[in-house]
Amino acid sequence: MLGLAMAEYRGDRVIAIDANPDAGTLGDRLVGEAQAGRRTVRDLLRDLDQVRTSTQLSGYTHLAGRLRVLTSEQAPELSEMFSERDYERVLRLLSIYHELLLTDCGTGLVHSAMQGTLRHADSLVVVGAPTKDGASRAARTLQWLATHQDSSGRFRYRDLVRDAVVVLSCDRQSRYVDDTVIRDYFASRVRAVVELPADPHLATGDIIDLDALAPATRDAVLELAAVVADGFQSRTHGLASHGFRTDHADRQAGMR
């Protein structure tokens with residue numbers, strides 16, 4: 001939904017990438033299972049060196065409204081092979097033709113593809129729920145990121161955590177859990193917390209249509225997009241900081 005809102009209301013070229021090594025559902029929720037499996041990131045990786053234009057690239061992606069979508073391989077034995085190197089190769093190409101790249105990750109923080117995602121991320125969105133298990137999983141994710149030391153002893157992800165946005169998906173709630181306590185806990189550790197109301201349209205697990213959301217849910221999605229975008233200028237460094245724009249200039253010069 002964040003990708004749909006960003007693509008709909010911003011002038012950027014936006015693409016969502018499914019980097020989940022466990023056959024992620026991003027494509028299912030945006031273009032449908034049958035369509036998502038027709039062209040995947042594995043196809044793009046196979047032909048990566050042959051893609052020279054945005055038109056050629058579009059042959060490997062899907063369109064959901066104005067949002068471009070690059071889906072993951074649905075066969076578990078192939079999706080598990082998606083590595084940090086694969087992710088970076090894809091990212092370098094996508095950064096040529098898009099200003100905003102959203103990566104949907106799996107839950108394995110130490111998986112190779114996730115390490116690539118974190119290394120190149122300028123902003124982080126963590127999804128939890130106002131329940132004991134949902135809040136605990138999100139809290140453990142943030143704790144691991146905040147305390148993880150790389151080989152040089154640096155806490156590489158602490159700035160990502162401080163600037164993160166936590167989304168509390170309220171499709172599950174309990175009167176035995178004080179959601180105010182959960183919200184306050186995350187609010188003291190990250191830049192912003194956004195609550196996403198329960199919504200009958202989302203509960204079906206089918207393709208997401210922004211126009212089919214209840215007004216309160218749609219408002220929450222737009223708030224999330226605005227909060228994330230608020231950090232673009234002052235808190236993120238952009239694709240150029242990863243050397244991608246320089247590579248593009250060199251490549252274009254070589255082509256000329």
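Look up: the structure comes first, before these words.
Please read these numbers as outputs of a predicted model, since none were measured by experiment.

J.: What exactly am I supposed to notice about the environment of R158 here?
T.: Locating R158 in the fold gives a position in helix α10 (residues 158-162). Given a relative accessible area of 34%, R158 falls into the partly exposed group. The spatial distance from the C-alpha of R158 to the C-alpha of A146 is 4.6 Å, given a sequence separation of 12 residues. Setting aside residues up to four positions removed in sequence, R158 forms contacts with L145 and A146.

J.: I tried to follow the packing of helix α7 (residues 84-97) against helix α8 (residues 112-120) on my own but got confused; where do I start?
T.: Helix-helix packing: each pair is described by the crossing angle between the helix axes and the interaxial distance. In contact at an axis separation of 7 Å, α7 and α8 are set at 45° when each is read in the N-to-C sense. On the basis of their axis angle, the class for α7 and α8 is oblique. The segment α7 lies against α8, with E84, Y87, E88 and L91 engaging S112, A113, Q115, G116, T117, R119 and H120. Within the contact of α7 with α8, the residues separate by chemical class into 3 nonpolar, 5 polar and 3 charged.

J.: Even after reading the chapter, I still don't get the sheet that holds strand β7 (residues 192-197), so can you show me in this structure?
T.: One key point about sheets: their strands pair by backbone hydrogen bonds, in either a parallel or an antiparallel sense. Pairing is parallel across the open sheet formed by 3 strands, whose spatial order is β5-β6-β7. Lying at the two open borders of the sheet, with one neighbouring strand each, are β5 (125-128) and β7. Taking each pair of neighbouring strands and ignoring which way they run, the sheet shows an average axis angle of 25°. Alignment of β5 against strand β6 (residues 165-170), held across 4 bridges, turns out to be parallel. Along β6, the bridge assignment pairs G128 with L168.

J.: Help me understand the nonpolar core, please; the structure alone is not making it clear to me.
T.: A general tendency of soluble globular proteins is for nonpolar side chains to be buried together. Core analysis: the largest hydrophobic core is formed by 33 residues, its most contacted members being M6, L30 and L67. The element that contributes the greatest number of residues to this core is helix α13 (residues 215-235), accounting for 8 residues. Those residues in contact with M6, other than ones at most four positions away along the chain, are V14, L100, A225, V228, A229 and F232. Of all hydrophobic cores here, the second largest spans 22 residues; its members include L118, A146, V177 and V193.

J.: Looking at this model, I keep getting lost on helix α9 (residues 132-147). Mind explaining?
T.: In an α-helix, one full turn covers 3.6 residues, which means residues spaced three or four apart are oriented alike. Taking 1.5 Å per residue, 16 residues should reach 22 Å; α9 reaches 22 Å between its end C-alpha atoms and fits that length. Buried within α9 we find G134, A135, A138, A139, L142, L145 and A146. Each buried residue of α9 sits inside an arc of 125° when the element is viewed along its axis, so together they form one side. In α9, the exposed positions angled more than 90 degrees off the buried face are occupied by K132 and R140.

J.: Looking at this structure, how should I read the sheet that holds strand β3 (residues 67-70)?
T.: Reading across from one edge, β2-β3-β1-β4 is the order of the 4 strands in this open sheet, with mixed pairing throughout. Edge positions in the sheet fall to β2 (62-64) and β4 (100-104), since each has one partner strand and no second. Along the sheet, successive strands turn relative to each other by an average axial angle of 30°, direction set aside. Where strand β1 (residues 14-18) and β4 come together, 5 bridges link them in parallel fashion.

J.: How do you make sense of the packing of aromatic side chains when you look at a structure like this?
T.: Both the distance between ring centres and the angle between the ring planes are used here to describe each pair of aromatic rings. Applying the stated criterion across every chain yields a total of 2 aromatic pairs. Seen from their ring centres, W144 and Y157 are 6.4 Å apart, and the 25° between their planes marks the pair as stacked. Within this pair, whereas W144 is found in helix α9, its partner Y157 is found in the loop between α9 and α10, the two being separated by 13 residues in sequence. Seen from their ring centres, Y185 and F186 are 5.2 Å apart, and the 80° between their planes marks the pair as edge-to-face. Judged by relative accessible area, Y185 falls into the partly exposed class, the value being 32%. Residue placement shows R158 over the ring face of F155; its charged tip is 3.7 Å from the ring centre.

What counts and how
- Residues numbered from 1 in each chain as written.
- Predicted model: local features only at pLDDT ≥ 70, side-chain atom pairs only at ≥ 80, totals over all residues.
- Heavy atoms only, no water.
- Helix = DSSP H or I, 4+ residues; strand = E, 2+ residues; numbered from the N terminus.
- Buried < 20%, exposed > 50% of the residue type's maximum accessible area, 1.4 Å probe, protein only.
- Contact = heavy atoms within 4.5 Å.
- Axes fitted to C-alpha atoms, helices over the stretch in contact; angles between N-to-C directions.
- Parallel < 35°, antiparallel > 145°, perpendicular 65-115°, else oblique.
- Nonpolar A, V, L, I, M, F, W, Y, C, P; charged D, E, K, R; others polar.
- Pairing = 2+ DSSP bridges.
- Core = buried A, V, L, I, M, F, W, Y, C linked by side-chain atoms within 4.5 Å.
- Expected span 1.5 Å × (residues − 1).
- Arc of directions from axis to C-beta.
- Phe/Tyr/Trp six-rings, centres within 6.5 Å; stacked < 30°, edge-to-face > 60°.
- Lys NZ or Arg CZ within 6 Å of the ring centre and 35° of its normal.

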